[in-house]
Amino acid sequence: MTKIIFIPGNGGSTTKDNWFPKVKTELEAANLTVISPEFPDPDLARSSIWLPFLIDELKVDENTILIGHSSGAVAAMRVAEKQPILGSILVGAYYTHLGMKKEKQSGYFDLSWDFEKIGRNQKWIILFASQDDPWVPIKQSRYLHRQLNCEYHEYKDQGHFGGDYYKSSFPELSAALIRTLSGQEKVGSN
């Protein structure tokens, strides 16, 4: 059975913040199973804690879709680098520590990236980015788009999609996921 797991960013963010609750409601209305967990170590979001939590506790597998925001998107990429998943939606993603202390402490950037494996270990990836993100330069998102060869949505005015302001909904994310899953079912039924 397909399950969707939300992964928030660091700095004390939770899956109850910003657009996560509204997207959860929209996806559940489409008969999708959404897991919106409380993560341990919410301030630093260390990879040594979050990756085992996702893999061992939440049982991420080849039927799992990861929806990650900010450092949650980084965590989603690291999970896909380790094992197969169904797909991922990355919001405000990046691939370097951006010169930020908490990002350096997280451990996600201690090793180089295997973007080919991240792509190979999932059927699809959708990336959302904004040119006015105050923390993630757009060149980070554009680089990820090229490396991951994924569906890409670039905005001019969405900031960090919450975190830098309150963003209560994200209908474009819900629509992209439902459209992708609908297309997969059609492909699978032929």
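Structure's up top.
Note that the coordinates shown come from a computational prediction; the quantities given were computed from them, not determined experimentally. (Residues numbered from 1 in each chain as written. Predicted model: local features only at pLDDT ≥ 70, side-chain atom pairs only at ≥ 80, totals over all residues. Heavy atoms only, no water.)

1. A look at the pairing of strand S1 (residues 3–7)
The buried count for S1 comes to five of five residues, which makes it a mostly enclosed element. Across three bridges, the pairing between S1 and strand S2 (residues 33–35) is parallel. Paired with isoleucine 4 across the two strands is valine 34, which belongs to S2. Looking at chain direction, S1 and strand S3 (residues 64–69) are connected through five bridges and run parallel. When the sheet's bridge partners are listed, isoleucine 4 is paired in S3 with isoleucine 65. (Buried < 20%, exposed > 50% of the residue type's maximum accessible area, 1.4 Å probe, protein only. Helix = DSSP H or I, 4+ residues; strand = E, 2+ residues; numbered from the N terminus. Pairing = 2+ DSSP bridges.)

2. Topic: helix H2 (residues 47–57)
One turn of an α-helix holds 3.6 residues; hence residues three or four places apart share an orientation. Three or more residues of H2 are buried, namely Ser47, Trp50, Leu51, Phe53 and Leu54. Each buried residue of H2 sits inside an arc of 155° when the element is viewed along its axis, so together they form one side. Opposite its buried face, H2 presents the exposed residues Ser48 and Glu57, each directed more than 90 degrees away. For H2, the secondary structure elements touched by its buried residues are S1, helix H3 (71–82) and helix H4 (101–106). (Arc of directions from axis to C-beta. Contact = heavy atoms within 4.5 Å.)

3. So, the layout of surface pockets
Reported here for the largest pocket is a volume of approximately 310 Å³. Lining the largest pocket we find 21 residues, and of these Asn10, Ser13, Ser70, Trp135 and His160 sit closest to its centre. Looking at the lining of the largest pocket, its residues break down into eight nonpolar, ten polar and three charged. Quantified by volume, the second largest pocket comes out at close to 210 Å³. Of all elements in the fold, only H2 and H3 reach the threshold of two or more residues within the lining of the second largest pocket. With three residues, the top contributor of residues to the lining of the second largest pocket is H3. Here the residues of the lining of the second largest pocket are counted per class, giving three nonpolar, three polar and five charged. (1 Å grid on protein atoms, 1.4 Å probe; cavity = no way out; pocket = protein on both sides within 12 Å on 5 of 7 lines; lining within 4 Å. Points joined across faces, edges and corners; volume = space filled by probe spheres on them. Nonpolar A, V, L, I, M, F, W, Y, C, P; charged D, E, K, R; others polar.)

4. Looking at the packing of aromatic side chains
Enumeration according to the criterion identifies 15 aromatic pairs in this entry. With 5.0 Å between their ring centres and 65° between their planes, phenylalanine 39 and phenylalanine 53 make a pair best called edge-to-face. Residue phenylalanine 39 is located in the loop between S2 and H2, and its partner phenylalanine 53 is located in helix H2; the two are separated by 14 residues in the primary sequence. With relative accessibility at 9%, the residue phenylalanine 39 sits in the buried group. With relative accessibility at 16%, the residue phenylalanine 53 sits in the buried group. With a centroid separation of 5.7 Å and an interplanar angle of 10°, the aromatic rings of tryptophan 113 and phenylalanine 115 are classed as stacked. Owing to a relative accessible area of 15%, tryptophan 113 belongs among the buried residues under this scheme. Cluster of aromatic residues (ring-pair linked, three or more members): Phe6, Trp19, Phe20, Phe128, Tyr155, Phe161 and Phe170. In this arrangement the basic side chain of arginine 78 is found over the ring face of tryptophan 113, its NZ or CZ atom lying 3.5 Å from the centre. The residue whose ring lies beneath lysine 167 is phenylalanine 170, and the NZ or CZ to ring-centre distance is 4.9 Å. (Phe/Tyr/Trp six-rings, centres within 6.5 Å; stacked < 30°, edge-to-face > 60°. Lys NZ or Arg CZ within 6 Å of the ring centre and 35° of its normal.)

5. Looking at the environment of serine 168
Structurally, serine 168 can be placed in the loop between strand S6 (151–155) and helix H7 (171–189). Between the C-alpha atoms of serine 168 and histidine 69, which are 99 residues apart in sequence, the distance is 14 Å. Beyond its immediate stretch of four places on either side in the chain, serine 168 contacts Asn18, Trp19 and Lys22.

6. Details of the side chain of threonine 15
Within the fold, threonine 15 resides in the loop between S1 and helix H1 (20–29). Among the polar contacts listed, one links the side chain of threonine 15 to the side chain of serine 36, at a separation of 2.8 Å. At 3.0 Å, the side chain of threonine 15 forms a polar contact with the backbone oxygen of proline 37. (Polar contact = N/O pair within 3.5 Å; in protein donor to acceptor, adjacent residues only side chain to side chain.)

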